[in-house]
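# Descriptive analysis of the structure
This is what each chain is made of:
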Amino acid sequence: AYAKERGDYIDLVIGKYGRIIINPEGVEIKSNRKFIADIEDGETVEIRGAVVKILSDTLFLYLCPNCRKKVVEIDGIYNCPICGDVEPEEVLRLNFVVDDGTGTLLCRAYDRRVEKMLKMGREELKNLSMEMLEDEILGEEFVLYGNVRVENDELIMVVRRVSDVDVEKEIRIS
């Protein structure tokens, strides 16, 4: 058997003769949960914290479908500095700061993860102002899982999975 991560969920692939034992005795589940103060460059970790600041000035990023560079809109025409005029790819992106009481961490979430955090679909988010977004998410607590790296002398997490805080589960982890 093996597990394969697919966006927001994990597939467990079991062979023909495989079997699943739910909650076997004597097996302890290990988590990559860390406090922000203990995180280092290159780690893949899970954190729990509250959103304390939104850094994005817009939710949507427009990229060239060929080279993935950011495109510039001039009079309704999107221009890539490398490829010229293109029909851009629309990417949902949110940059925010999370605080867990031991420190703060800059986080970046994309597409479905942003939708999940804001509990809204892509079309609803197009009509959401940044002020309304801040009202919606500031102070909200999440469990975030992702890769941490140094960017511009600051740690940043690229969020791979988002979940709401489950109090019962948190009691078991502590």
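Residues numbered from 1 in each chain as written. Predicted model: local features only at pLDDT ≥ 70, side-chain atom pairs only at ≥ 80, totals over all residues. Heavy atoms only, no water.

## Quick word on a nonpolar patch on the surface
Among the surface-exposed residues, Leu12, Ile20 and Ile22 lie close enough to one another that they form a single nonpolar patch of about 360 Å² accessible area. Residue position: Leu12 is located in strand 2 (residues 9-13). (Patch = residues over 30% accessible without salt bridge, like charges linked within 9 Å, V, L, I, M, F, W, Y side chains within 5 Å. Areas by Shrake-Rupley, 256 points an atom, 1.4 Å probe, with all protein chains shown as cover. Salt bridge = Lys/Arg side-chain N within 4 Å of Asp/Glu carboxyl O. Helix = DSSP H or I, 4+ residues; strand = E, 2+ residues; numbered from the N terminus.)

## Re the sheet that holds strand 6 (residues 77-80)
Read across the sheet, three strands follow the order 5-6-7 without closing on themselves; strand pairing throughout is antiparallel. Looking at strand neighbours, the two that pair on one side only are strand 5 (72-74) and strand 7 (84-86), the edges of this open sheet. When strand polarity is set aside, the average angle formed by the axes of neighbouring strands in this sheet is 45°. In the sheet, strand 5 pairs with strand 6 via three bridges, with the strands oriented antiparallel. Among the inter-strand pairings, Ile74 is bridged to a residue of strand 6, identified as Ile77. (Pairing = 2+ DSSP bridges. Axes fitted to C-alpha atoms, helices over the stretch in contact; angles between N-to-C directions.)

## Quick word on a negative patch on the surface
Judged by side-chain charge, Glu131, Glu134, Asp135, Glu136 and Glu140 come together as a negatively charged surface patch. With respect to the helices, strands and loops of the structure, Glu136 is situated in helix 3 (residues 130-137). On the basis of relative accessibility, which here comes to 40%, the residue Glu136 falls in the partly exposed class. (Lys, Arg positive; Asp, Glu negative; His and termini not counted. Charge placed at Lys NZ, Arg CZ, Asp CG, Glu CD. Buried < 20%, exposed > 50% of the residue type's maximum accessible area, 1.4 Å probe, protein only.)

## Comments concerning the pattern of salt bridges
Applying the stated criterion to the full structure yields twelve salt bridges. For Glu43, the salt bridge identified is with Lys34, shortest N-O distance 2.5 Å. In this structure, Arg149 engages Glu151 in a salt bridge whose closest nitrogen and oxygen atoms are separated by 2.8 Å. Using a relative accessible area of 27% as the deciding quantity, one classes Glu151 as partly exposed.

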